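The residues making up each chain are set out below.
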Amino acid sequence: MAVRKLFPPKVICGAEINAIVDKQELYGNGSMFAHVRLETGAVVDWHVHNGEVEYYYILKGVGVYTDEDGTEYTVSAGDVCTITPDHGHAIRNQEAETLEFIALVVYSH
């Protein structure tokens, strides 16, 4: 199918995850390509992607991204966060405006 609507969103710990394509549509190359929305106070908790690389492309809002070593970065529209294989990270929204970003997880083979 060439055109379809987005899948119904999933809400995990306050993060609204809207899959742009599902895992099958990534043809064995990754596990997620999604538009993520974090309302004020919402967080994507610390986690690790074993054997995967994740990219965040910030579309809107301001967030706090925590890197593998615990360093915190203020991120905003136009920023790209790269999470290398087997490293942890988190992101949260402390601002009044919704934080929106694209998340892409690909296998590091």
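Now for a description of the structure that goes with this document.

A contiguous nonpolar surface patch, about 360 Å² in accessible area, is contributed by Tyr 55, Tyr 57, Leu 59 and Val 80. A total of 3 residues in the nonpolar patch trace back to one element, the largest contributor, which is strand β5 (residues 52–60). Looking at where Val 80 falls in the secondary structure, it is placed in strand β8 (residues 80–83). Relative accessible area serves as the criterion here: at 53%, Val 80 is assigned to the exposed category.

For the rest of this paragraph, the subject is the side chain of Glu 52. For Glu 52, the location among the structural elements is in strand β5. For Glu 52, which is buried and forms no salt bridge, the nearest opposite charge comes from Lys 23, at a distance of 6.3 Å. Within the structure, Glu 52 has its side chain in polar contact with the side chain of His 49 (distance 2.8 Å). Residues in contact with Glu 52, not counting those within four places in the same chain, are Ser 31, Ile 83, Thr 84, Pro 85, Asp 86, Val 105, Val 106, Tyr 107 and Ser 108.

This part is about the sheet that holds strand β4 (residues 43–48). Pairing between the strands of a sheet is mediated by backbone hydrogen bonds and can be parallel or antiparallel. As summarised here, the arrangement of the 4 strands in space is β4-β9-β6-β7, forming an open sheet in which the pairing is antiparallel. Whereas interior strands pair on both sides, the edge strands pair on one side only; in this sheet they are β4 and β7 (72–76). Put simply, the sheet's adjacent strands are angled 20 degrees from each other on average, direction ignored. Bridging between strand β6 (residues 62–66) and strand β9 (residues 88–92) involves 3 bridges; their strand directions are antiparallel. In the sheet register, Thr 66 faces β9, and the bridge partner there is Ala 90.

Cut-offs applied
- Residues numbered from 1 in each chain as written.
- Predicted model: local features only at pLDDT ≥ 70, side-chain atom pairs only at ≥ 80, totals over all residues.
- Heavy atoms only, no water.
- Patch = residues over 30% accessible without salt bridge, like charges linked within 9 Å, V, L, I, M, F, W, Y side chains within 5 Å.
- Areas by Shrake-Rupley, 256 points an atom, 1.4 Å probe, with all protein chains shown as cover.
- Salt bridge = Lys/Arg side-chain N within 4 Å of Asp/Glu carboxyl O.
- Helix = DSSP H or I, 4+ residues; strand = E, 2+ residues; numbered from the N terminus.
- Buried < 20%, exposed > 50% of the residue type's maximum accessible area, 1.4 Å probe, protein only.
- Lys, Arg positive; Asp, Glu negative; His and termini not counted.
- Polar contact = N/O pair within 3.5 Å; in protein donor to acceptor, adjacent residues only side chain to side chain.
- Contact = heavy atoms within 4.5 Å.
- Pairing = 2+ DSSP bridges.
- Axes fitted to C-alpha atoms, helices over the stretch in contact; angles between N-to-C directions.

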